[in-house]
Structures are given as C-alpha cells and as structure tokens.
Amino acid sequence: MDLLLKNIGILATPTGAVAKSGAEQREISLTYDAMVGIKDGKIVYAGSADDSLNASAVFDCGGKLVTPGLVDAHTHLVFGGWRQKELGLKLEGVSYLDILRAGGGILSTVEHTRMTTEAELVEKGKALLQEMLLFGVTTCEAKSGYGLNTETELKQLRVANTLDETQPVDIISTFMGAHAFPKEYNDNRAGYIDYLINEMLPIVAKEELAEFCDIFCETAVFTPDESRRILLEAKKFGLRPKIHADEIDPIGGAEMAAEVGAISAEHLIQASNDGIMAMADKNVIAVLLPATSFYLDKPFARAREMINAGVPVAVATDFNPGSSPSLNMQFVLNLACLKYKLTPAEALTAATLNGAAAIERADVCGSVEVGKQADLVVWKANDLEYIFYRYGSNLVDSVIKSGEMVISGK
Ligand code: IZC
Ligand code: ZN
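Residues numbered from 1 in each chain as written. Chains lettered and ligands numbered in written order. Predicted model: local features only at pLDDT ≥ 70, side-chain atom pairs only at ≥ 80, totals over all residues. Heavy atoms only, no water.

Visitor: Would you mind going over the overall build of the protein in detail, with residue names and values included?
Guide: Of the regular secondary structure elements, the protein holds 15 helices and 16 strands. What you see for the protein is a C-alpha radius of gyration of 21 Å, in line with the 22 Å of a compact globule of 410 residues. Overall size of the protein, expressed as C-alpha extent along the three principal axes, is 70 × 45 × 45 Å. Counted over contacts in the protein with a minimum sequence separation of 6, partners at least 24 positions apart contribute 73%. As presented, the protein carries roughly 15200 Å² of accessible surface, and 50% of it is formed by carbon and sulfur atoms. Distance between charge centres in the protein, computed from 37 positive and 55 negative side chains, equals 2 Å. (Helix = DSSP H or I, 4+ residues; strand = E, 2+ residues; numbered from the N terminus. Rg over C-alpha atoms; globule rule 2.2 N^0.38 Å. Contact = heavy atoms within 4.5 Å. Areas by Shrake-Rupley, 256 points an atom, 1.4 Å probe, with all protein chains shown as cover. Lys, Arg positive; Asp, Glu negative; His and termini not counted. Charge placed at Lys NZ, Arg CZ, Asp CG, Glu CD.)

Visitor: Can you tell me about the nonpolar core, naming the residues and giving the values?
Guide: Where a protein is soluble and globular, its nonpolar side chains tend to be buried together. Of all hydrophobic cores here, the largest spans 110 residues; its most connected members are Leu-77, Ile-243, Leu-268 and Leu-288. In terms of residue count, the dominant contributor to this core is helix 6 (residues 189-206) (eight residues). Residues contacting Leu-268, with those up to four places away along its chain left out, are Ala-245, Asp-246, Ala-254, Met-279, Ala-286, Leu-288, Ala-301 and Met-306. Membership of the second largest hydrophobic core comes to 18 residues, among which are Ala-73, Ile-172, Leu-353 and Ala-358. (Core = buried A, V, L, I, M, F, W, Y, C linked by side-chain atoms within 4.5 Å. Buried < 20%, exposed > 50% of the residue type's maximum accessible area, 1.4 Å probe, protein only.)

Visitor: Residue-level account of the site of ligand 1, with values.
Guide: His-76, Arg-83, Tyr-96, Ile-106, Tyr-146, His-179, Phe-216, His-244, Glu-247, Asn-320 and Ser-323 make up every residue found near ligand 1. A distance of 2.7 Å separates a nitrogen atom of ligand 1 from a polar atom in the side chain of His-179. Here ligand 1 loses 100% of its free accessible area of 270 Å² to cover by the protein chains. Broken down by class, the residue content of the shell around ligand 1 amounts to four nonpolar, five polar and two charged. (Near = heavy atom within 4 Å. Polar contact = N/O pair within 3.5 Å; in protein donor to acceptor, adjacent residues only side chain to side chain. Nonpolar A, V, L, I, M, F, W, Y, C, P; charged D, E, K, R; others polar.)

Visitor: A description of the coordination of the zinc ion (ligand 2) should follow, citing residues and the corresponding values.
Guide: Tetrahedral metal sites with four donors have an ideal angle of 109.5 degrees; octahedral sites with six donors have ideal angles of 90 or 180 degrees. Looking at the zinc ion (ligand 2), the protein donor atoms are His-74 (NE2), His-76 (NE2), His-244 (NE2) and Asp-318 (OD), and they sit 2.0 to 2.5 Å from it. One can describe the site at the zinc ion (ligand 2) as irregular: its four donor atoms subtend angles covering 80 to 161° at the metal. The class of His-74 is buried, set by a relative accessible area of 0%. For Asp-318, a relative accessible area of 2% translates into the label buried. (Donors = N, O, S within 2.8 Å, 3.2 Å for Na, K, Ca; no water. Tetrahedral: all angles 85-135°; square planar, octahedral: opposite > 155°, others 65-115°.)

Visitor: Got a sec to walk through helix 9 (residues 273-282)? Specific residues and values, please.
Guide: An α-helical turn contains 3.6 residues, so a residue and the one three or four places further along point in the same direction. For helix 9, the full list of buried residues reads Gly-275, Ile-276, Met-279 and Ala-280. On an axial view of helix 9, the arc spanned by its buried residues comes to 135°, and they lie on one face. Opposite the packed face of helix 9, turned more than 90 degrees from it, sit the exposed residues Asp-274, Met-277, Asp-281 and Lys-282. Buried-residue contacts for helix 9 involve helix 8 (253-259), strand 11 (264-267), strand 12 (285-288) and helix 11 (303-309). Looking one or two residues past helix 9, Asn-283 carries a phi angle of roughly 55°, positive in sign. (Arc of directions from axis to C-beta.)

Visitor: Give a description of the pattern of salt bridges that names residues and reports values.
Guide: Counted under the stated rule, the structure contains 21 salt bridges. A salt bridge links Lys-183 to Glu-184, with the nearest nitrogen and oxygen atoms 3.9 Å apart. Among the residues examined, Glu-184 registers a relative accessible area of 45% and is labelled partly exposed. Measuring nitrogen to oxygen at the nearest pair gives 2.8 Å for the salt bridge that ties Arg-189 to Glu-226. A residue pair is termed long-range when its members are at least 10 positions apart, and Arg-189 in helix 6 and Glu-226 in helix 7 (residues 224-236) qualify at 37 residues. Residues joined by salt bridges that share partners form a network here, namely Arg-26, Arg-304 and Glu-346. (Salt bridge = Lys/Arg side-chain N within 4 Å of Asp/Glu carboxyl O.)

Visitor: Account for the side chain of Glu-141, with residues named and values stated.
Guide: In this fold, Glu-141 is placed in strand 7 (residues 137-143). A polar atom in the side chain of Glu-141 sits 2.6 Å from the side chain of Thr-174. When near neighbours in sequence (up to four residues on either side) are disregarded, Glu-141 contacts Asp-72, Ala-73, His-74, Thr-75, Ile-172, Thr-174, Lys-242 and Ile-359.

Visitor: Break down the layout of surface pockets for me, with residues and values.
Guide: Computed from the structure, the largest pocket encloses a volume of approximately 390 Å³. Contributing to the lining of the largest pocket are 22 residues, with Lys-90, Val-94, Tyr-96, Tyr-295 and Leu-296 lying nearest its centre. Listed by contribution, the elements that provide at least two residues to the lining of the largest pocket are helix 1 (86-91), helix 2 (96-101) and helix 10 (290-296). For the lining of the largest pocket, a count of residues per class yields eleven nonpolar, six polar and five charged. Empty space within the second largest pocket amounts to approximately 320 Å³. Surrounding the second largest pocket, 16 residues form its lining, Leu-100, Arg-101, Leu-107, Phe-181 and Asn-186 being those nearest its centre. Tallying contributions element by element places helix 3 (residues 106-115) first for the lining of the second largest pocket, with four residues. (1 Å grid on protein atoms, 1.4 Å probe; cavity = no way out; pocket = protein on both sides within 12 Å on 5 of 7 lines; lining within 4 Å. Points joined across faces, edges and corners; volume = space filled by probe spheres on them.)

Visitor: For the sheet that holds strand 13 (residues 313-315), give the residues involved together with the corresponding values.
Guide: Taken together, the eight strands give an open sheet; going across it, the order is 6-7-8-9-10-11-12-13, and neighbouring strands pair in parallel fashion. The outermost strands of the open sheet, each flanked by one partner alone, are strand 6 (70-72) and strand 13. Between one strand axis and the next, the sheet turns through 25° on average, direction left out of account. Relative to strand 7, strand 6 runs parallel, the two sharing three bridges. What sits directly across from Val-71, in strand 7, is Thr-139. With respect to the sheet, helix 4 (residues 118-134) is in contact with strand 7 and strand 8 (170-178), its orientation differing from that of strand 7 by roughly 140°. Sheet contacts for helix 5 (residues 150-166): strand 7 and strand 8; angle to strand 8, the most-contacted strand, approximately 175°. (Pairing = 2+ DSSP bridges. Axes fitted to C-alpha atoms, helices over the stretch in contact; angles between N-to-C directions.)

Laid out in structure tokens, this is it:
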C-alpha cells in the first residue's frame, strides 16, 4: 500500500455504483474506528481498523470523520468577468430574467468570456478549483455556454480540458451552447438553433470536448419544443442530455427530461407532480441547487417529495457568476438539510454518489469502497451530523485526491 489512513473515528459513505433513490438514499455505511488503504490512487481497503495492514506512508486521522470527496455535479466553471454590478439591480427587485431580457445576465458574461484569452481563463479556473478543493470537492462538472458561438464555446471546453489535465479536481465537461440566444441572433431564434445543431454540435463531438449536452429550458430562453429538438440531435452525436428544467416557471422541463432520456434534470424548483413521477419512472436524477434558491430568493425544490416518489436526488452548487457565485459545497449540504429537510445521510449521498451518477462517474467515485478512486475528505468533525449542523466555516481538515494528500490539515 502507498498510503494508510488510520484512526478514522467514523467512516461514513454511501455504497455501490449506481444512484440511490427512495429509502436507499439514506442507507449509508458507518464504520467506527476505521482504516482506508490506498494503492496506485485507488482504494484497496476500507473497513475496521486492522493492525496487520501497513503502507509506505501512514496518515493519522486523529479520530475524525472521513467521507468520500464531494462531487459538484453542476457548475458553470469557466467564464470571463463577474457580475457584481447586478447586485444593485437585484436589491431593487429587478428579476433574473428581466436582467437577461435587457441584455445583461448571461449575455454580459458572454461578452466578457469572448474577450478573455484561453490562458487567462485557465489561470482563473485554477484559482477557482483550488478554492473548490479546499471545500472538499474532488470531482466537478463544468458547462460551456458563455460563448454562444463556435469559437468561444470551443475555447471554454478546451479550458476545462486543460484544467482537468493540470490540477487535481477531475472535471467532466458539458456542452451548453443552448444557454441563451446570442445578440447576433436576437431576431432569428431558429437561425441560432440551426447553427448550434449544424455547426457547433458536430465539432464538439468530433473533438471529444464534452460528454453531455445541457440546455436552459425556461421562459424567455429555450422552449420545451426547441429543447427537445436540440437534445435529440445531441444524442445522435453521443452527447447525453441534461436539462435546466422548471427553475423559474413550470413549463414542462421535468416531463421533457424523462421523455428524451436525460441523465439528469437540474433545478426543478417548479417541477410538476407529473414531471416528478415521469422522472422517477425513467430514473432521471434530480440535481437540485439550493444555493441558487437562496441567492435568487426563490422557493426550494420539493426534494423530500422527490425522494418519496423514488427520484434519486443529488445536490450541487450551480457555481456561476449570476445566480450562484459560490463554490461552497458545505453550504449546499447545510441547505440540503435545513431547507430540503434531507437527513444528513440522504444529503451525504446527494453530494457524493448521486452527484457522481449524474455525471456518469458512480463506478469511479462517490463512495469509499475497494476499487474506487481514492478521493476522500477528512473533516474537522467527530460525527456526521456536525458538518450539517455547523455552517459558514470551512470544516475540511484534509483532502486526498486519487491517493494524493492535496490538502493537509497537518
Ligand atoms: O450566468 O446566469 N441559470 N444559467 C441558468 C445561469 C443561471 C448562469 C448565469
Ligand atoms: Zn446552471
């Protein structure tokens, strides 16, 4: 063994390689006085303390809580500029969609992203990912969608690729050219959709720059019919659909996610009962984003009802410069408990295994089990409840990514 984590007070982890739903979402494994052994970046032992185990390096966890590394399955990681100038408008009561309709919001970030060089975006991304890692995130998803033309969409996806290769956090890419209509196509929506389908999708697929295709299906953005068309085309190119669905208005996004065989539907604040049932039926993962509800002062998605209906629930930050300018997955855990009324066990599954499943990585990460990648967090906590009960402080002690100690509390 290369590394042995010993003196783990509690090892808390979901188990398995598929998303957990219903009562199974709260079935986590708790091992008291545990050890984890790591070799070649993978877990080779996870269980009760065993004095016969030895390794070239030993890390004493001091009786603390250990969980899988957190998975942030929904971020808009790569973008130019920020949007702090919109704070004043928000405080005056101007809505998110009204800011977008006036040419701000996403469109202002598009202008900045087009003007920022690839090298500058890489530097900015590195700093953001370091912050993410400090909060205990070891894998994340990253969407494009701030280019809205081929050149800049590809630039964003290449930046995510470079970041994946050059820093510890694993990044899974999603193409989101359907994030808004660029100003060049203001009066020609059909023209932008044709351009996206005929030009952008083939290049993204050919260059293997993304695994998923996402769309902002929302009032004043893409209609369910436009979304269906784009996602079905994306499937032909091997990109699995994801959908920003029913975030602000209930327009049938959840139903459509089930219909097109999406791996996940995101937000779902206004999802209908029929939409929730359809998702359960087709095993679509609900990626819920409570920090966005908090930041936009909107209702919180009906997570409890979704779990009861059999929908696997994941939680993520939605990190982006407009509606969720935070990388803090620990705050997301607090909100999952306090606002969604998830139990700590359900919320842990939501932020690890179910998040991993939403980006097709449940066989690789999301739990501490033999054969999986050694992505672990040692917490400044002696039990699981503590990390959901405390908030506003960073409770990460140490982070191990693919077997390497990348953040050390020692
Ligand atoms: O930049 O506002 N909701 N897309 C959909 C976003 C938020 C990102 C943004
Ligand atoms: Zn989003």
